[in-house]
Amino acid sequence: MTDSKYFTTTKKGEIFELKSELNNDKKEKKKEAVKKVIASMTVGKDVSALFPDVVNCMQTDNLELKKLVYLYLMNYAKSQPDMAIMAVNTFVKDCEDPNPLIRALAVRTMGCIRVDKITEYLCEPLRKCLKDEDPYVRKTAAVCVAKLYDISSSLVEDQGFLDQLKDLLSDSNPMVVANAVAALSEINESSPTGQPLVEFNTNTINKLLTALNECTEWGQVFILDSLANYSPKDEREAQSICERITPRLAHANAAVVLSAVKVLMKLMEILSGDSDFCATLSKKLAPPLVTLLSSEPEVQYVALRNINLIVQKRPDILKHEMKVFFVKYNDPIYVKLEKLDIMIRLASQANIAQVLSELKEYATEVDVDFVRKAVRAIGRCAIKVEPSAERCVSTLLDLIQTKVNYVVQEAIVVIKDIFRKYPNKYESIISTLCENLDTLDEPEARASMVWIIGEYAERIDNADELLDSFLEGFADENAQVQLQLLTAVVKLFLKRPAHTQALVQHVLSLATQDSDNPDLRDRGFIYWRLLSTDPAAAKEVVLADKPLISEETDLLEPTLLDELICHISSLASVYHKPPTAFVEGRSAGIRKSLPARQGSAEESGTAQPEATVIPNQESLIGDLLSMDIGSSIPTPAVSAQPTSNIDLLGGGLDSLLGGGSGTDLSAGSVPTTTGLLGDIFGITTTSTMYTPPKACWLPAEKGKGLEIWGAFSRRNGQISMDLTFTNKAMQAMTGFAIQFNKNSFGLAPSAPLNIGALQPSQSLETGLTLNTNGPVQRMEPLTTLQVAVKNNVDIFYYACQIPIQILFIEDGQLDKRVFLTTWKDIPAANEVQYTLNEVKGTADTLANKMTHNNIFTIAKRNVEGQDMLYQSLKLTNNIWVLLELKLQPGVTHATLSLKSRSVEVAAPIFQAYDTILKLV
Amino acid sequence: MSSSAIYILDVKGKVLISRNYRGDIDMGVIEKFMPLLMEKEEEGLLTPILQTPECTFSYIKTNNLYIVSTTKKNANIALVFVFLHKIVQVMAEYFKELEEESIRDNFVVIYELLDELIDFGYPQTTDSKILQEYITQEGHKLEIQPRIPMAVTNAVSWRSEGIKYRKNEVFLDVIESVNLLANANGNVLRSEIVGAIKMRVYLSGMPELRLGLNDKVLFESTGRGKSKSVELEDVKFHQCVRLSRFENDRTISFIPPDGEFELMSYRLNTHVKPLIWIESVIERHAHSRVEYMIKAKSQFKRRSTANNVEIVIPVPGDADSPKFKTTIGSVKYAPEQNAITWTIKSFPGGKEYLMRAHFGLPSVECEDSEGKPPIQVKFEIPYFTTSGIQVRYLKIIEKSGYQALPWVRYITQNGDYQLRTN
């Protein structure tokens, strides 16, 4: 006997019939009737008219019937709020039932009925159920608190349910703990203030870690996810959490594994990267990630999207696992495409041969999208792995020979990028490309081909004919092809002016007179004017060197990547977007960021040098004018997303409230404007790192009217050069650019100078963020920095001194024992002494002052009335400096001994001590 | 937070049954699911996650049913997918097959299950053995109300107390699947062994089990590095196994669920000689015929035998008039799969067999190009594991002190075994 019979009654007057059956005295009949009602509900019929009759059946000892009535209530209570009140009594009574199954059922259902009048009556039963003797009831009640919070957060807070929930974290039953933690996490996420309502401390974390071993697989996920929100107070705690979580990587449930990976990836930020522990942990992460690829395809997809993030954050983890990402014939297309992405990311000189032969295989498959992406991947490999470029090009040529239309077109698009990356290397293949001219019908491929013809016009004998043939259908071409044609013809004219005058006239008139496209017309007019006034200038503009294209394409912006790492295994990690981009309102939760090691900003800066190239002004123009095959050009991944503004504010807020997790602001290449924003927040959080006043670096008489004052500063681990430009000449100045000579510490600007035009007698302030990834050359004295500033007038050179304290990084604190052994290890020849004069203040105030300047006091001793301070600092180029400061009470001079493997830095450091100690 | 609501849809997108858990998304939103799915499929951008302004759909497809979960938040999506598959598994254990008909036939139980499996979007009890103890298909007699099994909230949530067997027995199956990917030139691109230890447990009470394997890490730590051992690259355990214990001293200790379950799975990346190797020569004479010469070699020990070997060779969709010649086994043409299957019931080690096939091709060629599906091989080799893994002991301790016998079986079979062709 099956339930399907309940679906079959479709006679007239059905509702009426059901009504009488529901009111039948026989229990069996009643039950049958309720089943019929539910069946009608299931197929989408409106049976709300039966509300009072169904509620009448609620008081029964038949559990099955009760469940069905509850289900009915959940569906229709909202549409019948007044009648729903009839059910309250039974609910309250059921919450006291001797059978825990019924108590739990009642409290679970009540929480799901979002009717105010019912909610009022929920509080008392809920309070009792949270203390119920049966763990099944308690675990159900725990979730119910989250339900109630969703309906009325104030009720939960006022009635003290939060504290009760917190108490459940210490419950003896692991399942209760897991549900309580899930409910608390949800409440924290949706907290209206953006601040978690319940903070976890070491004690609770320990309880959670214990429960982790005993609760169900789902409970383990809840616990791991909430552990991911906890920031341990130090490295040791982080390490011990890691140790206790690592066994979860062997769980059969993929969700448990991914959540464990999330916590580990996050905690690894806190651990020092070079430790053995970290290395072992990295090794342990690879096998479970690989095994995830044997799960169901949907889980594989989630895993692959996450692996894509992990590979960007820590490329080492999976660098030897290329083969597992090889595509299988029967993989779903979404898995294939993701695998391809990861293959490119993992491609290196060591494995490129295998990768290429795979990609070539894929390029002969049937799925068009997959084939296209495979061809594109070959091009990306060529750009990424330089020694393989030749092989990639020949593979692409082979593919062009197949004459499969979309393969050819895709190949031409990527070959254009290869030409840009390796100019004057592979042009011999142009003739082969030209053979396929007629078959190109996609705008992107056509535009690429036209670009190639224009760029190499001098080597293609019949370039004029080829371009001419395109011009016939000029009006029908796609806008990007039209723009390319215009530029290509102008390039041709500049390179071979002899017989191409008519052609250029033709294209200029097509662009300026016959087109409605403003971009095209504008560009036409610019060319026209350039060519008619100053052909030499035209040549400089149009044929300018193009900026290099970066190796890695579509890398995520580092701050976004860090945020997404905190969201591993969630939707955000699949979308590769922060939750704020797709979750509305407050439920988007608190913005997450990786925990910062002290001063990790520099480290992350050096660990992942941005592959950005800063184009100088001219090449930018050249780029603007001659390249607009937008999407396919791999552009350096600089943050310019609209969302990043919000993020920035969020990050700033974080650091304001959280007290200095300022890494978001300073990591990577932040554009200058954001740097300024960072400064605004930075001032409030960081205290006084000594910043020297601005000095005049370029007097007006030497700068042909341009005067530059400047100073260096360090805020939130970010070095910047604060400059004031003043125009004392009679004419406006434009076209500013700045460059540094090679210097001892590799200082270089992170972003171009952010100064547009400077009107006469105008003064502009700007902050130039600096990084230490530039070329290094020893200067004499060590801290000299030679700077060149350019504007439309001339180029000016000046030199300034870098105050060395801006190069002291935030994690310059050595461990006591390490300090001792290092001090002993460094030979006595590397010790320098210096006497400091006019030292005021106690040892403590001095130490405090030093700490603000990233000179860390490791130990303080009192030897025979003298205060000895042992201090350490670390320079951006990882030079450690160990210091011993001897202070005598009542004497204004002090002795400073310095030990370092690179003792050259002593002089500027003594100078820094002098300046810092003089501060009040 | 994971699911706001769960729907089961038929293949056309009609809702068969649904359950709203959080009430934050209008249930009518499901109307948009099918059109969106079709649209994405057409664009070739189909993924198991579909985004709309109102919510995110995540779905799996099984037996012509879509199981869809909606969410509005940044849900733990890995959890959602694992859970959706779990729903299918639980229902399959309840109704044998989860399909349109079984849903209509059992809607009352399904509602009960949906209520018990997940609460407010948080998965709860999903062990079907335990669920069956208090959610049954027959409906309950009026007098006795069901009680929650202790197991639901116990630390041992997968086994109930008071199980009794007259004869206490345990069956262990060690099953290794060989995954292989070889390219058309005969080079092995990737080979791995995915092993699983499956158990059927018929034991009384709450027995404590300890399983000993010839695990390399364990042998090395206990100073038996010389003995023959296996290096397990990645091990995954059923939730009953104490993971921290394994992490500490590599002991596999557990209280098993009752009946059938998979205790553990493991993966090895060792390079093994492909057990069955296929060489193929395919000659296409466009517009007239295509000829196949397939050589199958068994590259394992002579005393082992592979059973039920099936070699599936793809052929063009427009091929006709098949002719076969083979020294052993039988060949069948399956036009609906565009493939021929060469079946060899018993294939001893160290042997080599040959098969020739001949097809006619039409003089007019079909326009759309076909892919190049790989040759696939299916086989089973009993009493043999490729990795050399061995069960050294299975200790069973129960407080009543009964004796129980473990039975162990080994078998190697094909996994994803693909050889690309030219």
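Residues numbered from 1 in each chain as written. Chains lettered and ligands numbered in written order. Predicted model: local features only at pLDDT ≥ 70, side-chain atom pairs only at ≥ 80, totals over all residues. Heavy atoms only, no water.

### Regarding the overall build of chain A
Within chain A one finds 40 helices and 13 strands. Restricting the contact set of chain A to residue pairs at least 6 apart, pairs at least 24 apart contribute 67%. When the accessible surface of chain A is totalled, it reaches about 37700 Å², and 51% of it is carbon and sulfur. (Helix = DSSP H or I, 4+ residues; strand = E, 2+ residues; numbered from the N terminus. Contact = heavy atoms within 4.5 Å. Areas by Shrake-Rupley, 256 points an atom, 1.4 Å probe, with all protein chains shown as cover.)

### Quick look at the overall build of chain B
When you go through chain B residue by residue, the secondary structure sums to seven helices and 23 strands. Counting only C-alpha atoms and orienting by the principal axes, one finds that chain B spans roughly 75 × 60 × 40 Å. A buried classification covers 55% of the 422 residues belonging to chain B. Across chain B, every contact between residues at least 6 apart in sequence was considered, and the portion connecting residues at least 24 apart equals 69%. Of the roughly 18800 Å² that chain B leaves accessible, carbon and sulfur atoms contribute 48%. Computed over 53 positive and 54 negative side-chain charges, the inter-centroid distance for chain B is 9 Å. (Buried < 20%, exposed > 50% of the residue type's maximum accessible area, 1.4 Å probe, protein only. Lys, Arg positive; Asp, Glu negative; His and termini not counted. Charge placed at Lys NZ, Arg CZ, Asp CG, Glu CD.)

### Here we look at unusual backbone geometry
Residue Glu780(A) is joined to Pro781(A) through a cis peptide bond whose omega torsion reads -10°. Take Pro781(A): it is sitting in the loop between strand E6 (763-771) and strand E7 (784-790). Phi at Asn878(A) takes a positive value of approximately 70°, unusual for a residue other than glycine. Summarising the element assignment, Asn878(A) is placed in the loop between strand E11 (866-874) and strand E12 (880-887). Although it is not a glycine, Lys96(B) sits at a positive phi angle of roughly 65°.

### Comments concerning the UniProt feature "domain: Beta-adaptin appendage C-terminal subdomain" (unreviewed entry) in chain A
On the UniProt side, "domain: Beta-adaptin appendage C-terminal subdomain" (unreviewed entry) is annotated at positions that read residues 808-918 of chain A here. The distance from the first to the last C-alpha atom of residues 808-918 of chain A is 18 Å, and the span holds 30% helix and 34% strand. (UniProt positions renumbered as here; feature names shortened; annotations may be inferred.)

### Describing the packing of aromatic side chains
As enumerated under the stated definition, the model contains 30 aromatic pairs over all chains in all. Ring plane angle 90° and centroid distance 5.3 Å describe the contact between Phe222(A) and Tyr122(B), whose orientation is recorded as edge-to-face. Residue Phe222(A) is located in helix H14 (residues 217-227), and its partner Tyr122(B) is located in strand E7 (residues 122-123); the two belong to separate chains. Tyr122(B) carries the same exposure label as Phe222(A), and that label is buried. Aromatic pair Phe347(B) and Tyr353(B): ring centres 4.8 Å apart, planes at 55°, arrangement tilted. One aromatic cluster is present, formed by Phe33(B), Phe57(B), Tyr59(B) and Tyr66(B) through successive ring pairs. Sitting over the ring of Phe120(B), Arg22(B) keeps its end group 4.1 Å from the ring centre. (Phe/Tyr/Trp six-rings, centres within 6.5 Å; stacked < 30°, edge-to-face > 60°. Lys NZ or Arg CZ within 6 Å of the ring centre and 35° of its normal.)

### Examining the interface of chain B and chain A
Taken together, the 89 residues of chain B in the interface contact 103 residues of chain A. Counting each side, the surface lost to burial between chain B and chain A is near 8500 Å², with a carbon and sulfur contribution of 56%. When residues of chain B are sorted by the area they lose upon contact with chain A, Asn74(B), Phe107(B) and Thr153(B) head the list and together hold 8% of the total. Across the chain B-chain A interface, the total number found is 11 salt bridges. For the salt bridge of Asp119(B) with Lys147(A), the shortest nitrogen-to-oxygen distance reads 2.8 Å. Where chain B meets chain A, there are 37 residue pairs in polar contact (both at pLDDT 80 or more). (Buried area = accessible area lost by both parts, 1.4 Å probe. Salt bridge = Lys/Arg side-chain N within 4 Å of Asp/Glu carboxyl O. Polar contact = N/O pair within 3.5 Å; in protein donor to acceptor, adjacent residues only side chain to side chain.)

### Some points on the nonpolar core
For soluble globular proteins, the rule of thumb is that nonpolar side chains tend to be buried together. The biggest cluster of nonpolar side chains holds 282 residues, and the ones touching the most others in it are Tyr72(A), Leu126(A), Ile245(A), Leu318(A), Phe325(A) and Phe419(A). At 14 residues, helix H2 (residues 77-95) of chain B tops the list of elements feeding residues into this core. Met721(A), Leu747(A), Tyr798(A) and Leu846(A) belong to the second-largest nonpolar core, a separate cluster that totals 58 residues. (Core = buried A, V, L, I, M, F, W, Y, C linked by side-chain atoms within 4.5 Å.)

### So, the pattern of salt bridges
Throughout the structure, instances matching the rule amount to 67 salt bridges over all chains. With its nearest N and O atoms 3.0 Å apart, the salt bridge here joins Glu358(A) to Arg420(B). Of the two residues, Glu358(A) sits in helix H20 (residues 352-362) while Arg420(B) sits in the segment after strand E23 (405-419), which places them in two different chains. Residues Glu358(A) and Arg420(B) agree in their burial class; the two are buried. Taking the shortest distance from any N to any O, the salt bridge between Lys360(A) and Asp398(A) comes out at 3.1 Å. Within this pair, whereas Lys360(A) is found in helix H20, its partner Asp398(A) is found in helix H22 (residues 389-401), the two being separated by 38 residues in sequence. Exposure remark for Lys360(A): the relative accessible area of 34% places this residue in the partly exposed category. Using a relative accessible area of 38% as the deciding quantity, one classes Asp398(A) as partly exposed.

### Examining helix H1 (residues 14-22) of chain A
All names here are of chain A. Among the residues making up H1, those that are buried are Glu-14, Leu-18, Glu-21 and Leu-22. Summarising the axial view, the buried residues of H1 lie within an arc of 95°, below the 170-degree limit, and thus occupy one face. Packing partners of the buried residues in H1 comprise helix H2 (27-42) and helix H3 (51-56). (Arc of directions from axis to C-beta.)

### Considerations on the confidence of the model for chain A
When pLDDT is averaged along chain A, the result is 82; 88% of the residues meet or exceed 70. Confidence over residues 599-687 of chain A falls short of pLDDT 50; this stretch has 132 contacts with residues more than four positions distant or in other chains. (pLDDT = per-residue confidence, 0-100.)

### What to know about the state of the cysteines
Residue and element names in this part refer to chain A. Within the structure shown, the criterion is met by zero disulfides over all chains. Of the cysteine sulfurs around Cys-566, a residue in no disulfide, the closest is that of Cys-242, at 14 Å. In this structure Cys-566 comes out as buried when scored by relative accessible area, which is 2%. (Disulfide = S-S within 2.5 Å.)

### A look at the sheet that holds strand E19 (residues 339-348) of chain B
Residues and elements named next belong to chain B. Taking strand neighbours across the sheet as the criterion, the nine strands line up as E11-E13-E9-E8-E23-E21-E16-E19-E18 in an open arrangement whose pairing is mixed. Lying at the two open borders of the sheet, with one neighbouring strand each, are strand E11 (234-237) and strand E18 (330-334). When strand polarity is set aside, the average angle formed by the axes of neighbouring strands in this sheet is 15°. Two elements, strand E8 (residues 169-182) and E23, share 13 bridges in a ladder whose sense is parallel. Looking at E23, one finds that Asp-173 is bridged to Arg-409. (Pairing = 2+ DSSP bridges. Axes fitted to C-alpha atoms, helices over the stretch in contact; angles between N-to-C directions.)

### Some words on the pairing of strand E13 (residues 894-900) of chain A
Residue and element names in this part refer to chain A. When you tally the buried positions in E13, you get six out of seven residues, the bulk of the element. Looking at chain direction, strand E9 (residues 831-836) and E13 are connected through six bridges and run antiparallel. Residue pairing in the sheet places Leu-836 in a bridge with Ala-894 of E13. A loop of six residues connects E12 with E13, the two strands running antiparallel in sequence, and Gly-890 in this loop sits at a positive phi of about 80°.

### A few points about the sheet that holds strand E3 (residues 718-727) of chain A
Strands belonging to one sheet form pairs held by backbone hydrogen bonds; the direction of such a pair is parallel or antiparallel. The strand order E1-E2-E3-E6-E5 (chain A) describes an open sheet built from five strands, whose pairing is antiparallel. A strand with exactly one partner marks an edge of an open sheet, and here the two such strands are strand E1 (695-698) and strand E5 (748-749) of chain A.

### Description of a nonpolar patch on the surface
Side chains of Ile85(A), Met86(A) and Tyr121(A) sit close together on the surface and give an oily, nonpolar patch of about 260 Å² of accessible area. Structurally, the position occupied by Tyr121(A) is in helix H8 (residues 116-130). (Patch = residues over 30% accessible without salt bridge, like charges linked within 9 Å, V, L, I, M, F, W, Y side chains within 5 Å.)

### Brief notes about the confidence of the model for chain B
As a note on interpretation, predicted positions should not be read in detail where pLDDT is low. Averaged over every residue, the pLDDT of chain B is 90; the share at 70 or more is 97%. For this predicted complex, the interface score ipTM comes out at 0.91, alongside a pTM of 0.74.

### Notes on the packing of H2(A) against helix H4 (residues 63-76) of chain A
Residue and element names in this part refer to chain A. The N-to-C vectors of H2 and H4 enclose an angle of 35°; their axes lie 10 Å apart at closest approach. The hand of the H2/H4 crossing is left-handed. Every residue of H4 that contacts H2 at Lys-31, Val-34, Lys-35, Val-37, Ile-38 and Met-41 is listed here: Glu-64, Leu-65, Leu-68, Val-69, Leu-71, Tyr-72, Asn-75 and Tyr-76. (Left-handed = near helix turned anticlockwise from the far one by under 90°.)

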